[in-house]
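In case you want the letters, here they are:
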Amino acid sequence: MTAISTPADRPSRYRSEPTVLQALRSPRILTREVLAGLVVAIALIPEAIAFSIIAGVDPRVGLFSSFVMAVAIAFLGGRPAMITAATGAIALVVAPIAREYGVDYLIATVLLGGLIQVVLAVLGVAKLMRFIPRSVMVGFVNALAILIFISQLPQLIGVPWLVYPLVAIGLLIMYLMPLVTRVVPAPLVAIILLTAAVVVFGMNVPTVGDQGALPRSLPQLFVPNVPLTFETLQIIAPFAAAMAVVGLLESLMTAKLVDDITDTHSRKTREAWAQGVANLLSGVFGGMGGCAMIGQTMINVKASGARTRISTFLAGVFLLVLVLALGDVVAIIPMAALVAVMIVVSVATFDWHSIRPATLKRMPKSEIVVMVITVGITVWTHNLAIGVIVGVVTAMVLFARRVAHFTTVTRTIDETANVPTALYTVDGELFFASSNDLTTQFDYADDPERIVIDMSRSHIWDASTVATLDAIVTKYERHGKRVVLEGMNEATTILHGRLSGGVTGAH
């Protein structure tokens, strides 16, 4: 017997297990969440500093933004265990305005960007995620893994030779640790052991402290000193709109990725407006804004096994505590340890199954093309949003091209009718791509006086097809012949009746 879900049952599909209450009641789960939050916080510090440098602002701006957004999204977000903080994608978008107009205009941009995200969420933009094909999603994931690995290369080039054995040992620890126990996240063990080794043996290797100065005070309310004029809006609006779109796209794609990993559903619309509110709060406290961090989310969900909002909340809290109270300790963590963590995340994120020869043989060539283009554009531009958009457009074009060839027209002559009749049967979906060649499928000069076009096995989707049918009828009328369209379904009849004659001007 097949179970039928009722509206009352449906909210349960969004319930992530374990819940926050279940985690609080289970010492084992709570320990995992707490330690996962600590690992993410440690990994966030150098990233936030690096993204601040990309945006051309003080490291405190990125660190405070990461704290505020992580804590805000822990309460408001629609995807438990997802990490939101200052990101490279957003830093690249807002860097020009920070460089040309200063921090005040940057914060104004972040505030407007957050507001735009809330508006887009209310308009239901999150529902567009269903139109992203799997080939684009796989390309997105693989490109992300490649970018995570590439982003570690500066820490591996032109550094003391001791960095390489430290990274190798870190990788070995994270490979062997899960075989012994999963109670403590392997990345945390690797960070602690490598830091201890560097301190005990006095190794001279790059550390977190070398990436930039850590803040010494709590974030404060910040009101941007910009004139409230239309000219200001003209300056910040393009950057704010770009920030909103890039942030939402990256966040919703990350949420979908976590959905797949955890076999649970997330509330995409809630996540969309939560991202907007988090950016607004970030701007209020002088932050540079951000979005979901895919690398840190993978550390949290995949490497550390976190599943609840507790890990996200504690990642933000630990970040603030680490940089304010334990700044001197954090500063001595070797970058080699964090590089090893991110390499493991990169390898775990890549969909190796997608590039196996057996998989590639079975996949349609068009989907392979879409995946490769998504990866190529993303890696080339270092912008996940651009890669996804180009991938989706490519998928749409290839799909339209493939579907266009599914439409067929069959011609028969009915000699038994009172009036000799040419019967054309149109089979397939009719839209702009498939209907363009429709006019060439009819024999206007040699057909008898009466022509019947049977539409019972087809469907009209757009004005282009209506215009094509009008053109066919007009060509026959010029030869003094009469055309009858029959067998249209209700939707096709309504669309054809509304647009026929008005699209091409034919009567």
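Residues numbered from 1 in each chain as written. Predicted model: local features only at pLDDT ≥ 70, side-chain atom pairs only at ≥ 80, totals over all residues. Heavy atoms only, no water.

A. Quick peek at the environment of R450. You can see R450 is positioned in strand 5 (residues 450-460). If near-sequence neighbours (up to four positions away) are discounted, R450 is found in contact with V419, P420, T421, A422, R482 and V484. (Helix = DSSP H or I, 4+ residues; strand = E, 2+ residues; numbered from the N terminus. Contact = heavy atoms within 4.5 Å.)

B. Focus on the nonpolar core. Within the largest apolar cluster, 107 residues are counted, with the highest numbers of intra-cluster contacts made by I45 and M288. Among the elements that take part in this core, helix 2 (residues 27-55) stands out by supplying twelve residues, more than any other. Apart from residues no more than four positions distant in its own chain, I45 is found in contact with L63, V208, L214, L319, L322, V323 and V330. (Core = buried A, V, L, I, M, F, W, Y, C linked by side-chain atoms within 4.5 Å. Buried < 20%, exposed > 50% of the residue type's maximum accessible area, 1.4 Å probe, protein only.)

C. Main features of unusual backbone geometry. Backbone geometry places A81, a non-glycine residue, at a positive phi of 75°. Topologically, A81 is positioned in the loop between helix 3 (59-76) and strand 1 (84-85). Since its relative accessible area comes to 2%, A81 is described here as buried.

D. Geometry of the layout of surface pockets. By volume, the largest pocket is sized at about 820 Å³. Contributing to the lining of the largest pocket are 33 residues, with E47, F51, G88, L147 and S151 lying nearest its centre. At the level of elements, helix 2, helix 4 (88-101), helix 6 (134-150), helix 11 (294-303) and helix 14 (335-349) are the ones that each hand at least two residues to the lining of the largest pocket. Looking at the lining of the largest pocket residue by residue, the classes come out as 21 nonpolar, ten polar and two charged. Within this model, the second largest pocket holds a volume of roughly 520 Å³. (1 Å grid on protein atoms, 1.4 Å probe; cavity = no way out; pocket = protein on both sides within 12 Å on 5 of 7 lines; lining within 4 Å. Points joined across faces, edges and corners; volume = space filled by probe spheres on them. Nonpolar A, V, L, I, M, F, W, Y, C, P; charged D, E, K, R; others polar.)

E. A look at the side chain of D462. Take D462: it is sitting in the loop between strand 5 and helix 19 (463-478). For D462, which is buried and forms no salt bridge, the nearest opposite charge comes from R498, at a distance of 11 Å. Of the polar contacts made by the side chain of D462, one reaches the backbone nitrogen of F432; its length is 2.7 Å. Within the local environment of D462, its side chain forms a polar contact with the side chain of T465, the two groups lying 2.9 Å apart. (Lys, Arg positive; Asp, Glu negative; His and termini not counted. Salt bridge = Lys/Arg side-chain N within 4 Å of Asp/Glu carboxyl O. Polar contact = N/O pair within 3.5 Å; in protein donor to acceptor, adjacent residues only side chain to side chain.)

F. Just the environment of V183, in detail. With respect to the helices, strands and loops of the structure, V183 is situated in the loop between helix 7 (163-180) and helix 8 (186-201). Taking C-alpha positions, V183 is 7.4 Å from R28, a pair spaced 155 residues apart along the chain.

G. Representation of the pairing of strand 3 (residues 408-414). Direction of pairing for strand 3 relative to strand 4 (residues 421-430): antiparallel, over a ladder of seven bridges. Looking at strand 4, one finds that V409 is bridged to V426. Where strand 3 folds back on strand 4, the antiparallel hairpin that results is connected by six residues. (Pairing = 2+ DSSP bridges.)

H. Structural context of empty space enclosed by the protein. If you walk through the whole model with that rule in mind, you get one cavity of 30 Å³ or more. Space inside the largest cavity adds up to approximately 40 Å³. In this structure, the largest cavity is lined by Q155, V159, V163, P206, M335, A336 and V339. The leading source of residues in the lining of the largest cavity is helix 14, at three residues. Here the residues of the lining of the largest cavity sort into six nonpolar, one polar and no charged.

I. Region of the structure containing a nonpolar patch on the surface. A cluster of nonpolar side chains, namely L172, Y175, L176, L179 and V180, defines an oily patch on the protein surface of about 590 Å² accessible area. With respect to the helices, strands and loops of the structure, L179 is situated in helix 7. On the accessibility criterion, L179 (65% relative accessible area) is exposed. (Patch = residues over 30% accessible without salt bridge, like charges linked within 9 Å, V, L, I, M, F, W, Y side chains within 5 Å. Areas by Shrake-Rupley, 256 points an atom, 1.4 Å probe, with all protein chains shown as cover.)

J. The packing of helix 11 against helix 14, seen in detail. Running from N to C, helix 11 and helix 14 point in directions that differ by 80°, and their axes come no closer than 10 Å. In this view, helix 11 runs roughly perpendicular relative to helix 14, as classed from their interaxial angle. Contacts between helix 11 and helix 14 involve G295, Q296, M298, I299 and K302 from the first element and V341, M342, V345, A348 and T349 from the second. Tallied by class, residues from the contact of helix 11 with helix 14 come to six nonpolar, three polar and one charged. (Axes fitted to C-alpha atoms, helices over the stretch in contact; angles between N-to-C directions. Parallel < 35°, antiparallel > 145°, perpendicular 65-115°, else oblique.)

K. How the structure looks around helix 20 (residues 490-499). Those residues of helix 20 lying buried are T492, L495 and H496. What you see down the axis of helix 20 is that its buried residues fit within an arc of 95°, all on one side. With respect to the buried face of helix 20, the exposed residues turned more than 90 degrees away are E490, G497 and R498. Next to the buried residues of helix 20 lie strand 5, helix 19 and strand 6 (482-486). Where helix 20 begins, the side chain of N489 points an oxygen toward the backbone nitrogen of A491, at a separation of 3.4 Å. (Arc of directions from axis to C-beta.)

L. Examining the sheet that holds strand 4 more closely. One open sheet accounts for four strands, arranged 3-4-5-6; its pairing is mixed. Of all the strands in the sheet, the pair left with one neighbour each is strand 3 and strand 6. The average angle at which neighbouring strand axes cross in this sheet is 20°, direction not considered. Of the strands in this sheet, strand 4, strand 5 and strand 6 touch helix 19, which is tilted by about 175° from strand 5. Sitting on the sheet, helix 20 is in contact with strand 5 and strand 6, with an inclination near 115° to strand 5.

M. Geometry of the packing of aromatic side chains. The final tally for this structure, using the stated rule, is eight aromatic pairs. Ring geometry for Y424 against F442: centres 4.4 Å apart, planes inclined by 45°, an arrangement best described as tilted. With Y424 in strand 4 and F442 in the loop between helix 18 (432-435) and strand 5, this pair connects stretches of sequence that are 18 residues apart. According to the relative accessible area criterion, F442 is buried, its value standing at 7%. With 4.8 Å between their ring centres and 55° between their planes, Y444 and Y476 make a pair best called tilted. (Phe/Tyr/Trp six-rings, centres within 6.5 Å; stacked < 30°, edge-to-face > 60°.)

N. Quick peek at the pattern of salt bridges. This model, assessed by the stated rule, comprises six salt bridges. Where E33 meets R32, a salt bridge forms, and the shortest distance between an N and an O atom there is 3.8 Å. R32 shares its class with E33; the two are buried. We note a salt bridge from D259 to R79, for which the minimum N-O separation is 2.6 Å. Here D259, found in helix 9 (residues 230-262), pairs with R79, found in the loop between helix 3 and strand 1; they are 180 residues apart in sequence, far enough to count as distant. Each member of the salt-bridge network shares a partner with another, and the members are R79, D259 and K268.

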